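Fold and geometry: a report
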Amino acid sequence: MVSNDDIAGPIDSSDEWIRQRTGIIERRRSSAAEQAIDLAVRASTEAIEKAGIAPGQIGAVIVATISNSVQTPSLAALLADRVGATPAAAYDISAACAGYTYGIAQADALIRSGTAEYVLVVGAEKLSDFAKPTDRSISFLLGDGAGAAVVGPSDTIGIGPTLWGSDGSKWDSVGMDRPLKEAFDDPEGEFPTLRQDGQVVFRWAVWEMAKVATEALEKSGVTAEELTAFVPHQANMRIIDEFAKQLGLPESVLIARDIATTGNTSAASIPLAMHRLVEEHPEASGGLALQIGFGAGLVYGAQVVTLP
Amino acid sequence: MAHTTEEVIAGLAELINEETGIAPDQVSVEKSFTEDLDIDSISMMTIVVNAEEKFDVKIPDDEVKNLTTVGEAVEFITKAQA
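Predicted, not measured: the structure shown is a model, and the values here were computed from it.

**A short note on the pattern of salt bridges**
Once the charged atoms of two side chains with opposite charge are near each other, the side chains can pair. Residue and element names in this part refer to chain A. With the rule as written, the count across this model stands at 23 salt bridges over all chains. Where arginine 112 meets aspartate 108, a salt bridge forms, and the shortest distance between an N and an O atom there is 3.0 Å. On the criterion of helical spacing, the pair formed by arginine 112 and aspartate 108 is a turn pair, its members being 4 residues apart in helix 5 (residues 99-112). Of the residues examined, aspartate 108 reaches a relative accessible area of 15% and is grouped as buried. A salt bridge links glutamate 182 to arginine 178, with the nearest nitrogen and oxygen atoms 3.4 Å apart. Each of the salt bridges in this network shares a partner with another, and the network as a whole consists of Lys132, Asp177 and Glu190.

Written out as structure tokens, the structure is:
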């Protein structure tokens, strides 16, 4: 656990400043020895157990991540092997904070087409490796974590149609601060880390994503009143609050606010937030949730799903 | 219909009050959003988006960074709606 006080010094900040701007009280960060793969294995093992299937039944493993410790091979191939799913197809997705929703969209399509019977979808991040202690734009928001879901065949619809897309005109508003090769050629310089233009991202994440969320509901034929929960990417509490306000959700809809104690975990944030929401509100299980991921690219993905 | 300078100042003061609770009489053209009114970047963007709607203008992301004082915002909005 890393508190605001633990990281406030290098950014000349305080617990109060961080809470006020982000709603984050603390975040989880891994030890040096623990990698994103280790987090992914733990989350996946739990998901497979809860799904009640044998790992050998998994036909594909999709990992959404931006923090695999190497550019290749994929984290997914190693994960498939660690959880006993070899020789499942395995690949990573680079869709940042929208990655998990992209993975769910692909799992849905793979199963409908008969390409796979069960698909393991994982969001796994060790973002602390890409956080700069002196960065005031995004680093202090970041946490480590992993969340996983097993998607399988069903007689009833558990995943609604996906609304997804991108806007590369804002490519440089959030992402790495320098290319890997540049850093490699400049051994005196700093390792690439994440940074963002918070104002640009905030406007897009609230007002543009509110349009996407509304359209995703329409596409699914679901009204806001029929939702049990709203699970947006946990980017910043201020984004979640303003987003919910713009959507005008009824008070009956549970809103995931996992960020307060987990920070922004990019691709892992939606499954982590959903996991906590169902744990804290077991009665929500079986209800409908609108999940929406949005982030570096810029990219976004949204779908209505049945809560596990 | 275009708003007068006075109307834009009053409208902005109202939006700032809704977002931050700052009393409208504290908002005047010479005030800096960050230094004097202590408005953070996220609140600033919320005020900008609400101002776009209120005054029917577009305030691009790049422009927001140039609006450091209330007066600069009022000038931009007044010109943009002309």
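So much for the structure itself; the text now carries on.
**Topic: the pairing of strand 12 (residues 288-295) of chain A**
Residue and element names in this part refer to chain A. In terms of residue burial, strand 12 counts as a mostly covered element, since 7 of its 8 residues are buried. Strand direction decides the pairing type here: strand 10 (residues 229-232) and strand 12, joined by 4 bridges, are parallel. Paired with valine 231 across the bridge in strand 12 is glutamine 291. Strand direction decides the pairing type here: strand 12 and strand 13 (residues 299-306), joined by 8 bridges, are antiparallel. Paired with phenylalanine 294 across the two strands is tyrosine 300, which belongs to strand 13. Counted between consecutive antiparallel strands, the loop separating strand 12 from strand 13 contains 3 residues, among which glycine 297 sits at a positive phi close to 155°.

**Quick word on the sheet that holds strand 12 of chain A**
Residue and element names in this part refer to chain A. Pairing is mixed across the open sheet formed by 5 strands, whose spatial order is 7-13-12-10-11. If you trace the sheet from one side to the other, it starts and ends with strand 7 (163-166) and strand 11 (254-255), each paired once. Inspection of the sheet shows strand 7 paired to strand 13 by 4 bridges, in the antiparallel sense. In the sheet register, serine 166 faces strand 13, and the bridge partner there is valine 299. Most of the contacts of helix 5 go to strand 13, to which it runs at about 60°, and overall it touches strand 7, strand 12 and strand 13.

**With respect to the packing of aromatic side chains**
All names here are of chain A. Within the structure shown, the criterion is met by 8 aromatic pairs over all chains. Geometrically, the ring pair formed by tryptophan 17 and phenylalanine 140 is tilted, given 5.6 Å between the ring centres and 50° between the ring planes. Residue tryptophan 17 is located in helix 2 (residues 15-22), and its partner phenylalanine 140 is located in the loop between strand 5 (118-126) and strand 6 (144-151); the two are separated by 123 residues in the primary sequence. Accessibility expressed as a relative area gives 21% for tryptophan 17, which makes it partly exposed. Between phenylalanine 202 and tryptophan 207, the aromatic rings sit 5.6 Å apart at their centres with planes inclined by 85°, giving edge-to-face as the arrangement.

**A look at the packing of helix 3 (residues 36-51) of chain A against helix 4 (residues 75-82) of chain A**
Residue and element names in this part refer to chain A. Viewed as axis vectors pointing N to C, helix 3 and helix 4 meet at an angle of 45°, and their least axial separation amounts to 10 Å. When the axis of helix 3 is compared with that of helix 4, the two are oblique. You can see that helix 3 and helix 4 cross each other, and the crossing is right-handed. Contacts between helix 3 and helix 4 involve Ala36, Ile37, Asp38, Ala40, Val41 and Ser44 on the former and, on the latter, Leu75, Leu78, Leu79 and Arg82. The class makeup of the residues in the contact of helix 3 with helix 4 is 7 nonpolar, 1 polar and 2 charged.

**Details of the environment of proline 73 of chain A**
Residue and element names in this part refer to chain A. Within the fold, proline 73 resides in the loop between strand 3 (58-64) and helix 4. Its relative accessible area of 56% is what places proline 73 among the exposed residues. Placed 207 residues apart in sequence, proline 73 and glutamate 280 show a C-alpha to C-alpha distance of 37 Å.

**A look at the pairing of strand 4 (residues 89-93) of chain A**
Residue and element names in this part refer to chain A. The sheet contact formed by strand 3 and strand 4 spans 5 bridges and is parallel. Note that in strand 4 the partner of isoleucine 62 across the bridge is tyrosine 91. The parallel pair strand 3 and strand 4, bridged by helix 4, forms a crossover whose chirality is right-handed.

**Observations concerning empty space enclosed by the protein**
Residue and element names in this part refer to chain B. Inspection of the entire model under this criterion finds 1 cavity of 30 Å³ or more. Volume-wise, the largest cavity comes out at about 60 Å³. Every residue along the wall of the largest cavity is listed here: Leu12, Phe33, Met44, Ile47, Val48, Ala51, Ile59, Leu67, Ala73 and Ile77. When residues of the lining of the largest cavity are traced back to their parent elements, those giving at least two are helix 2 (41-55) and helix 4 (70-80).

**Concerning the environment of arginine 28 of chain A**
All names here are of chain A. Mapped onto the fold, arginine 28 is located in the loop between strand 2 (26-27) and helix 3. With 26 residues separating them along the chain, arginine 28 and valine 2 place their C-alpha atoms 5.9 Å apart. Here arginine 28 is in contact with Met1, Gly143, Asp144, Thr261 and Thr262, once residues within four sequence places are set aside. Of the polar contacts made by the side chain of arginine 28, one reaches the side chain of glutamate 26; its length is 2.7 Å.

**Looking at unusual backbone geometry**
Between threonine 72 of chain A and the following residue, proline 73 of chain A, the backbone shows a cis peptide bond with an omega angle of 5°. In this model, aspartate 12 of chain A sits at a positive phi of 50°, which is unusual for a non-glycine residue. Its place among the elements puts aspartate 12 of chain A in the loop between helix 1 (4-8) and helix 2. Although it is not a glycine, aspartate 38 of chain B sits at a positive phi angle of roughly 55°.

Reading the values: rules and limits
- Residues numbered from 1 in each chain as written.
- Chains lettered and ligands numbered in written order.
- Predicted model: local features only at pLDDT ≥ 70, side-chain atom pairs only at ≥ 80, totals over all residues.
- Heavy atoms only, no water.
- Salt bridge = Lys/Arg side-chain N within 4 Å of Asp/Glu carboxyl O.
- Helix = DSSP H or I, 4+ residues; strand = E, 2+ residues; numbered from the N terminus.
- Buried < 20%, exposed > 50% of the residue type's maximum accessible area, 1.4 Å probe, protein only.
- Pairing = 2+ DSSP bridges.
- Contact = heavy atoms within 4.5 Å.
- Axes fitted to C-alpha atoms, helices over the stretch in contact; angles between N-to-C directions.
- Phe/Tyr/Trp six-rings, centres within 6.5 Å; stacked < 30°, edge-to-face > 60°.
- Parallel < 35°, antiparallel > 145°, perpendicular 65-115°, else oblique.
- Left-handed = near helix turned anticlockwise from the far one by under 90°.
- Nonpolar A, V, L, I, M, F, W, Y, C, P; charged D, E, K, R; others polar.
- Right-handed = clockwise from strand over helix to strand, strands pointing away.
- 1 Å grid on protein atoms, 1.4 Å probe; cavity = no way out; pocket = protein on both sides within 12 Å on 5 of 7 lines; lining within 4 Å.
- Points joined across faces, edges and corners; volume = space filled by probe spheres on them.
- Polar contact = N/O pair within 3.5 Å; in protein donor to acceptor, adjacent residues only side chain to side chain.

So far we have only geometry, and geometry alone does not tell us how the molecule works.
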